[in-house]
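Geometric and topological summary
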Amino acid sequence: MIFGLKISHLVAGFIAVLLGYTSSVAIIFQAIDVLGASQAQANSWMLALGLGMGASGLILSLRYRMPILTAWSTPGAALLVISLDGVPMNEAIGAFVFCGLLLTLTGLTGWFEKLSHLIPDGIGNAMLAGILFQFGLGIFASTEDNLPLVAVMGAVYLAGRRLFPRFAIPAVLLAGCLFCAVTGAFDSGAAVDLSLARPAFVMPALSLPVLIGVGLPLFIVTMASQNTPGIVTLKAAGYAPPVSACVTVTGLTTLLLAPFGGYAFNLAAITAAICAGPEADEDPDTRYRAVVVAGLLYCLVGLMGAAVISLFLIAPKALVVTVAGLALLNTIGTSLHAALAAPERREAALVTFMTTVSGIGFLGIGAPFWALLLGIGTGAVLAPRRSRAAAPDRRPA
């Protein structure tokens, strides 16, 4: 143990960063390419995003002693890919600043925190299980890409859960890396860029059509598809996150870093589940240290720019997908159990879960938001009927 850090903290933080980058960094590059950014501007984007995630996560986790991990807005990046075509860089930056301003005002007013308290725990757990479900399926889908690797990692996981449960995931990661090294599965032919990223400031320009067409949807997508699942993830792990403070910090981070490419920051959900679960630490009071590790790594990744990212991309997809899925198995099971435990809310939880898994999206907003609406609506419709059915019959015989 070094400075209070355990091996499980180091591994959980590393996996969170690995998953955060490898799962969506390609979308970021697409958005950069659509804008026609220079190489220096592209490096600045990665610097701003890495430092923004690292600094905001460190501030929140150390201040509140909770595993509050932040992330860039992945649905927001997807939105940018389809909405920035033909938009000048300075006007796009203006939309990012506008989004950061809206996020900050949302946090300061506290209305989003009040709204989050209206989400029943069962509905929230069902949504979280649906979000993470695809990662569990990814374990089995990866067998088509590299069956021997997945089989070795799966066997080590089972042995670890039986013999040394606290270190099962570190053992899985080590076994996977050793297997890839021995079999030559790492992409040794890929070039590694060792240059350091430097900030490249772009003066924001305000354009009403771009603010409405890019900035406002970016804010809505970030709040609905990212911050809501992030809050649910922490609540499902047994924490009471300071919602308004979290949104305020991520909003201010966006405001400060938007001119350098930090388009939108928010609470993490999937990567946060890795740091907030028992695999990170059996003691819930010290799991925040996994986020400290992740925050420092995010800052390092940002400073190193393309160098560290290219190292991440050398790893075979099956390794990343399998270790992430195995690390989340316990959280998936716990969330499903909590969601379906109460018979009177089971249908609403199932609707929420299946809507989330379906991946549907409308108006640029992803499935988790619509799952919450449908789940809460289903619960509201069925609750009166159940209340009447459960009431005793007091009519005279």
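Everything numeric in this text was worked out from a predicted model, so none of it was measured.

A count of helices and strands for the chain gives 16 helices and two strands. A burial count over the chain gives 52% of its 397 residues as buried. For the chain, restricting intrachain contacts to residue pairs at least 6 apart in sequence, the fraction spanning at least 24 positions comes to 85%. Carbon and sulfur atoms make up 69% of the accessible area of the chain, which amounts to about 17,400 Å² in all.

This paragraph deals with the packing of aromatic side chains. The geometry of an aromatic ring pair comes down to the distance between the two centres and the angle between the two planes. This structure, assessed with the given rule, holds five aromatic pairs. Plain terms: the ring middles of Phe-133 and Phe-353 are 5.4 Å apart, the flat faces sit at 80° to each other, and that makes the pair edge-to-face. In this pair, Phe-133 sits in helix 6 (residues 121-141) while Phe-353 sits in helix 15 (residues 346-358), placing the two residues 220 residues apart along the sequence. Among the residues examined, Phe-353 registers a relative accessible area of 15% and is labelled buried. Each ring, one from Phe-201 and one from Phe-260, has its centre 5.6 Å from the other, and the planes form 65°; the classification is edge-to-face. Here the residue Phe-201 occupies a position in the loop between helix 8 (168-183) and helix 9 (208-236), and Phe-260 occupies one in the loop between helix 10 (243-257) and strand 2 (265-267), the gap between them amounting to 59 residues. Owing to a relative accessible area of 24%, Phe-260 belongs among the partly exposed residues under this scheme.

Another point: the confidence of the model for the chain. Within the chain, residue pLDDT values average 83, and 89% of them lie at 70 or more. Per-element confidence in the chain is highest for helix 10, whose mean pLDDT is 94, and lowest for helix 13 (residues 306-314), whose mean pLDDT is 63.

Quick look at the nonpolar core now. Counting 101 residues, the largest nonpolar core has Tyr-21, Ile-28, Leu-69, Trp-72, Phe-96 and Tyr-263 as its most contacted members. For this core, the leading source of residues is helix 1 (residues 7-35), giving 13 residues. Formed by five residues, the second largest nonpolar core is a distinct cluster that contains Ala-129, Ala-339, Ala-349 and Phe-353.

Once that is clear, we can look at the pattern of salt bridges. Where charged atoms from two side chains of opposite charge come close, those side chains can pair. Enumeration according to the criterion identifies one salt bridge in this entry. Ionic pairing is found between Asp-281 and Lys-6, a salt bridge with its closest N-O pair at 3.1 Å. Of this pair, Asp-281 sits in the loop between helix 11 (270-276) and helix 12 (288-304) while Lys-6 sits in the segment before helix 1; the two residues are 275 residues apart in sequence, bridging distant segments of the chain. Assessed through its relative accessible area of 2%, Asp-281 is described here as buried.

We now examine the packing of helix 7 (residues 143-163) against helix 14 (residues 317-340). Helix-helix packing is characterised by the crossing angle of the two axes and by the distance between the axes. At a closest axis distance of 10 Å, the pairing of helix 7 and helix 14 adopts a crossing angle of 25°. Taken as axis vectors, helix 7 and helix 14 run roughly parallel relative to one another. Classified by chirality, the crossing of helix 14 by helix 7 is right-handed. Across the interface between the two elements, Asn-146, Leu-149, Val-150, Met-153, Tyr-157 and Arg-161 from helix 7 touch Ala-318, Leu-319, Thr-322, Val-323, Leu-326, Leu-329 and Asn-330 from helix 14.

Phi is positive for Arg-65, which is not a glycine, with a value near 55°. Within the secondary structure, Arg-65 is located in the loop between helix 2 (39-64) and strand 1 (70-72). In this structure Arg-65 comes out as partly exposed when scored by relative accessible area, which is 44%.

If you check helix 2, its first and last C-alpha atoms are 38 Å apart, about what 26 residues at 1.5 Å a residue would give, namely 38 Å. Count one or two residues on from helix 2 and you reach Arg-65, which has phi positive near 55°.

A rise of 1.5 Å per residue sets the reference length of helix 15, with its 13 residues, at 18 Å; its end C-alpha atoms lie 18 Å apart and thus fit the reference within 8%. Taken together, the buried positions of helix 15 are Ala-348, Ala-349, Thr-352, Phe-353, Thr-355 and Thr-356. Seen end-on, helix 15 carries its buried residues on one side only, within an arc spanning 165°. Residue Gly-359 follows helix 15 closely and has a positive phi angle near 75°.

Running from amino to carboxyl end, helix 6 crosses helix 7 at an angle of 80°, the nearest separation of the two axes being 7 Å. Judged by the angle between their axes, helix 6 and helix 7 are roughly perpendicular. Two secondary-structure elements touch here, helix 6 through Ile-139, Phe-140 and Ala-141 and helix 7 through Thr-143, Glu-144, Asp-145 and Val-150.

Another point: the side chain of Arg-287. Relative to the helices and strands, Arg-287 is located in the loop between helix 11 and helix 12. Buried and unpaired, Arg-287 has no salt bridge, with Asp-281 as the nearest side chain of opposite charge at 5.9 Å. Residues in contact with Arg-287, not counting those within four places in the same chain, are Pro-67, Ala-237, Tyr-239, Cys-275, Ala-276, Gly-277, Pro-278, Asp-281 and Glu-282.

Reading the values: the criteria
- Residues numbered from 1 in each chain as written.
- Predicted model: local features only at pLDDT ≥ 70, side-chain atom pairs only at ≥ 80, totals over all residues.
- Heavy atoms only, no water.
- Helix = DSSP H or I, 4+ residues; strand = E, 2+ residues; numbered from the N terminus.
- Buried < 20%, exposed > 50% of the residue type's maximum accessible area, 1.4 Å probe, protein only.
- Contact = heavy atoms within 4.5 Å.
- Areas by Shrake-Rupley, 256 points an atom, 1.4 Å probe, with all protein chains shown as cover.
- Phe/Tyr/Trp six-rings, centres within 6.5 Å; stacked < 30°, edge-to-face > 60°.
- pLDDT = per-residue confidence, 0-100.
- Core = buried A, V, L, I, M, F, W, Y, C linked by side-chain atoms within 4.5 Å.
- Salt bridge = Lys/Arg side-chain N within 4 Å of Asp/Glu carboxyl O.
- Axes fitted to C-alpha atoms, helices over the stretch in contact; angles between N-to-C directions.
- Parallel < 35°, antiparallel > 145°, perpendicular 65-115°, else oblique.
- Left-handed = near helix turned anticlockwise from the far one by under 90°.
- Expected span 1.5 Å × (residues − 1).
- Arc of directions from axis to C-beta.
- Lys, Arg positive; Asp, Glu negative; His and termini not counted.

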